[in-house]
Amino acid sequence: MSRIGRLPVKVPAGVTVEIAENNVVTVKGPKGTLVKSLPVEMEIKLEGDEIIVTRPNDLKKMKSLHGLTRTLINNMVVGVTEGYTKVLEVNGVGYRAAKSGNKLTLSLGYSHPVEMIDPEGVETVLEGQNKITVKGIDKEKVGQYAAEIREKRRPEPYKGKGIKYSTEVIRRKVGKTGKK
């Protein structure tokens, strides 16, 4: 049995879960509503305040889908109750971020400012000029948008300039040395 797949997903108070045909799961909570179409092979049942995912057989594909399906449902439940956040830091001389409406403007040492518009369901909040917090209820969208922001100027190993996650550790390299 999949260790993660067999764990039931607890549905907290104030959250409603609907399972339609073809495993279309709708989760409504205080922060919003998420709808996701999950693998049809899995059997998803709502028993009381728990969601139980079972697989039809022990084929390798079914085993891998089992844990995935359970985790996706859990991510939806956590998303509508607590939401997800990713914190990015902008490091470097003259590197900064600014926000106007839903447009994020990044000055990253290029000849032009980099402008990004927040996708639907995701919001960016600035703390100062060098801390960007990406918030949302969909874990996948939050992670994807944070990765797209980071990709505009990845951290480099010599001076550590660029955009990095707050939890990320940059392996520093020693620069070149002068002549003897």
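Higher on the page you've got the structure.
As the structure is a computational prediction, the values presented were derived from the model and not from experiment.

Novice: I would appreciate a short explanation of the overall build of the protein chain in the present structure.
Specialist: Along the backbone of the protein chain there are two helices and 13 strands. For the protein chain, whose C-alpha radius of gyration is 21 Å, the value lies well above the compact-globule estimate of 16 Å for 180 residues. The buried share among the 180 residues of the protein chain stands at 36%. When contacts within the protein chain are restricted to residue pairs at least 6 apart in sequence, those whose partners lie at least 24 apart make up 50%. Entry remark: accessible area of the protein chain is about 11200 Å², with carbon and sulfur atoms responsible for 51%. Counting 33 positive and 21 negative side-chain charges, the protein chain places the averaged centre of each group 13 Å from the other.

Novice: Teacher, can you tell me more about the sheet that holds strand β9 (residues 103–107) here?
Specialist: By definition, the strands of a sheet pair up through backbone hydrogen bonds, in either a parallel or an antiparallel sense. Pairing is antiparallel in the open sheet, where three strands are placed in the order β8-β9-β10. Single-partner strands in this sheet number two, and they are β8 (96–100) and β10 (114–117). Ignoring which end each strand starts from, the neighbouring axes of this sheet average 20° apart. Note that β9 and β10 share four bridges and pair antiparallel. Across the sheet, the residue bridging to Leu 104 is Met 116, located in β10. Running at roughly 170° to β10, helix α2 (residues 139–151) makes contact with β9 and β10 of the sheet.

Novice: For this particular structure, what's the right way to read the environment of Tyr 158?
Specialist: Locating Tyr 158 in the fold gives a position in the loop between α2 and β13 (162–165). Relative accessible area serves as the criterion here: at 46%, Tyr 158 is assigned to the partly exposed category. Sequence-wise, Tyr 158 and Ile 170 are 12 residues apart; in three dimensions their C-alpha atoms are separated by 9.5 Å. Dropping the residues within four chain positions of it, Tyr 158 is found in contact with Arg 172, Lys 173, Val 174 and Gly 175.

The rules we used
Residues numbered from 1 in each chain as written. Predicted model: local features only at pLDDT ≥ 70, side-chain atom pairs only at ≥ 80, totals over all residues. Heavy atoms only, no water. Helix = DSSP H or I, 4+ residues; strand = E, 2+ residues; numbered from the N terminus. Rg over C-alpha atoms; globule rule 2.2 N^0.38 Å. Buried < 20%, exposed > 50% of the residue type's maximum accessible area, 1.4 Å probe, protein only. Contact = heavy atoms within 4.5 Å. Areas by Shrake-Rupley, 256 points an atom, 1.4 Å probe, with all protein chains shown as cover. Lys, Arg positive; Asp, Glu negative; His and termini not counted. Charge placed at Lys NZ, Arg CZ, Asp CG, Glu CD. Pairing = 2+ DSSP bridges. Axes fitted to C-alpha atoms, helices over the stretch in contact; angles between N-to-C directions.

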